[in-house]
Amino acid sequence: MSNSVGVLVSDPWLQSQFTQVELRSLRSKFLSTKRESAHVIVGDLPPLMGKLKGLKDVVTEQEIAGILAESYAETSHELDFESFLRAYLNLQARVAEKSGEMKNSSSFLKATTTTLLHTINESEKASYVAHINSYLGEDPFLKKYLPLDPASNELFNLVRDGVLLCKLINVAVPGTIDERAINTKGVLNPWERNENHTLCLNSAKAIGCTVVNIGTQDLIEGRPHLVLGLISQIIKIQLLADLNLKKTPQLVELVDDSKDMEELMSLGPEKLLLKWMNFHLKKAGYKKTVTNFSSDVKDGEAYAYLLNALAPEHSSPAVLDTKDPNERAKIVLEQAEKLDCKRYLSEKDIVEGSPNLNLAFVAQIFQHRNGLSTDTKSISLSQMMPDDIQVSRDERAFRLWINSLGIATYVNNLFEDVRNGWVLLEVLDKVFAGSVNWKHATKPPIKMPFRKVENCNQVIKIGKELNFSLINVAGNDIVQGNKKLILAYLWQLMRFNILKLLKNLRYHSQGKEISDVDILNWANSKVKGSARTPQMESFKDKNLSYGIFLLELLSAVKPRAVNWKLVTTGESDEEKKLNATYIISVARKLGCSVFLLPEDIIEVNQKMILTLTASIMYWSLQQTGENFGPSEEDSVSQTAPSDGDGSAVAESISDLTIDDAASDTSQSENGNSTIGG
């Protein structure tokens, strides 16, 4: 493996936008400008940017200055290298938009936010505002600002302090954010607003949103395309929450045998919703198959058949007899109203085939009347659900971590989606760039089974090169969906990423290897002398369940982060839950991107405690000039001690060593420590 270290930037998404050749060239130009005047300011950019690829001979210096003025009020504003890169990307996006080369990527189905500018869909905005008015209208803090006028831009002003988005996340997935951690006073200062948005973005990732290319400043400025992109994801997650076998086991009615069952389990919620819709349409005699929520539903016929099948008491022959799509759409919505479905779309949205709003409409019909029987065909839940609660939690944590990395594939079902090896190769390439030989990889859909095995064999090969513990493990184990081995591999990969990120902070680690022991010792040194809690003996120390040590650690790295008036003694189960929930929200508010649950703290899940502590450590070291390093003893052996955890994930996998080549990229997103947990 190579020992060379390329140009590092702290934001993984930003890093991914450039090749190392481009980064070296851009850094050279940036440093050259900096040497001339000791710093780089906004006023320096027009002549510099005008000579760069994609801008030269396409846009004038005056136009560049005008675009920059939208983001920077003062030309004397000083820029660091990452701000310089972001400004360059923004200029490229604006030029592409101007020349008509940019494609609209704000699809509700893909649910990704973007730094590019888009035309705002007023129908979508109106629907999201109606949703917010409905679900948050009685919120004690927000009710004085609601209802919002969907015809105005009040929404984009209200999101600027971060409270609305945090509350909306809790509507989508109750309990995600401890609302005691939200800054909710009348007028927030810039730091408090930034804290709210940091909490919002890290919590959004923790419920499955893709936010790798959106920052707190975008939300503080209320940028409409980014705000709507994030809100659409949050609402989608709420509306599709029941589209899984755990919440709605009756979905087994959609399949006939075990092979179909396997396919059903691998479907994402949108595809599962389509399968549900087609199941009822076929029974109702509809001859076509609906493959999307746009062109296939524009004529309203599919909706007419669906509602007649689900609610015959409200059906009318007129809906099928009419030849006018607009009239049919009107009747369809009248029928939907009788099912107590809130209107997410208008007749125009049906006729024009708005994918975002049609998906929301069908999802709400499913919520109100799914038309499935209570007979589960004797298929036991044990065949459909993960083996136990711990496996389910670990699956969730790793799935969310993978999605937070911003890889091309979105993971809906971890155990099913990794079986062809492609997702794991994407993750490996993200965590350890250049490790994957893409010439020997096959991209899905993969029809030939041996191609899946080839992908997974490469996954195992790379793992062994990274010193993962993979004794008697073969690629076919992943293809077969061995949950224990999949989780064990992903834990080692997440842990590798954690230690690599810490090692990348060479000015702190002095270039030495980092081990679990160093993380433990660092945490204890921070909490040393606390009268509230003893030192942490290990990451499975049962005293951690009280939550006091972790709160002391958060308070040590940022004194004002913890409001001790809200902290309990942690003696009872209820008090432990309160503290654990508060810990996670405070960590996210600080800037840590973590995916653990309160139960992981209460039950002292050592893997998740380690990743949480490491994330806090990484954030802290980024903020300070503090140095740390392994002891001479630890430098000799880089094997971290195993705590002997007998869970399904962490057996004999604590002997991870970091290779020097691991320090080629950094995975910190928007200043956050995005490393797992």
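Above this text sits the structure in question.
Analysis parameters
Residues numbered from 1 in each chain as written. Predicted model: local features only at pLDDT ≥ 70, side-chain atom pairs only at ≥ 80, totals over all residues. Heavy atoms only, no water. Helix = DSSP H or I, 4+ residues; strand = E, 2+ residues; numbered from the N terminus. Expected span 1.5 Å × (residues − 1). Buried < 20%, exposed > 50% of the residue type's maximum accessible area, 1.4 Å probe, protein only. Polar contact = N/O pair within 3.5 Å; in protein donor to acceptor, adjacent residues only side chain to side chain. Salt bridge = Lys/Arg side-chain N within 4 Å of Asp/Glu carboxyl O. Lys, Arg positive; Asp, Glu negative; His and termini not counted. Contact = heavy atoms within 4.5 Å. Axes fitted to C-alpha atoms, helices over the stretch in contact; angles between N-to-C directions. Parallel < 35°, antiparallel > 145°, perpendicular 65-115°, else oblique. Left-handed = near helix turned anticlockwise from the far one by under 90°.

Trainee: Whenever I open this one, helix H25 (residues 483–504) confuses me. Can you help?
Mentor: Each turn of an α-helix holds 3.6 residues, which means side chains three or four residues apart point in the same direction. If you check H25, its first and last C-alpha atoms are 31 Å apart, about what 22 residues at 1.5 Å a residue would give, namely 32 Å. Along H25, 19 of the 22 residues are buried, which leaves the element largely enclosed by surrounding structure. If you check the start of H25, you find a side-chain oxygen 3.2 Å away from the backbone N of Lys 484, and it comes from Asn 482.

Trainee: Sorry if this is basic, but what is going on with the pattern of salt bridges here?
Mentor: Where charged atoms of side chains with opposite charge meet at close range, the side chains can pair. Evaluated as defined, the whole model comprises 21 salt bridges. Note that Glu 395 is salt-bridged to Arg 399, the shortest N-O span being 3.0 Å. Remark: Arg 399 and Glu 395 occur in helix H20 (residues 389–404); sequence separation between them is 4 residues, near one turn of the helix. Assessed through its relative accessible area of 10%, Glu 395 is described here as buried. Three or more residues are tied together by salt bridges with common partners; here these are Glu 195, Lys 558, Arg 560 and Lys 589.

Trainee: Explain the side chain of Asp 349 here, please?
Mentor: Mapped onto the elements, Asp 349 comes out in helix H17 (residues 347–352). Within the buried set, Asp 349 has no salt-bridge partner at all; the shortest N-O distance to an opposite charge, 6.6 Å, is to Lys 348. Setting aside residues up to four positions removed in sequence, Asp 349 forms contacts with Ser 123, Ser 354, Leu 357 and Asn 358.

Trainee: What exactly am I supposed to notice about the packing of helix H28 (residues 548–557) against helix H29 (residues 573–590) here?
Mentor: The angle between the axes and the distance between the axes are what describe a pair of packed helices. Relative orientation of the contacting elements H28 and H29 amounts to 25°, with a least axis distance of 10 Å. For the element pair H28 / H29, the angle class is roughly parallel. Of the two elements, H28 crosses H29, and the hand of that crossing is left-handed. For the pair H28 and H29, contact is made by Ile 548, Leu 550, Leu 551, Leu 554 and Val 557 and by Asn 579, Tyr 582, Ile 583, Val 586, Ala 587 and Leu 590, respectively.

Trainee: I'm lost on unusual backbone geometry in this one. Help?
Mentor: Among all residues save glycine, negative phi is the norm, and among peptide bonds the norm is trans. Following Leu 146, the chain continues to Pro 147 via a peptide bond in cis, the omega torsion being 0°. With respect to the helices and strands, Pro 147 occurs in the loop between helix H6 (122–136) and helix H7 (154–158). For the bond running from Pro 444 to Pro 445, omega is 0°, close enough to zero to count as cis. Relative to the helices and strands, Pro 445 resides in the loop between helix H22 (422–431) and helix H23 (449–465). Positioned with a positive phi, Asp 340 is a non-glycine residue whose angle comes to about 70°. In this fold, Asp 340 is placed in the loop between helix H16 (325–338) and H17. The backbone of Val 604 sits at a positive phi, close to 55°, despite the residue not being glycine. With respect to the helices, strands and loops of the structure, Val 604 is situated in the loop between helix H30 (598–602) and helix H31 (606–623). Classification of Val 604 as buried rests on a relative accessible area of 7%.

Take it as geometry only, folks, not as evidence of what the structure does.
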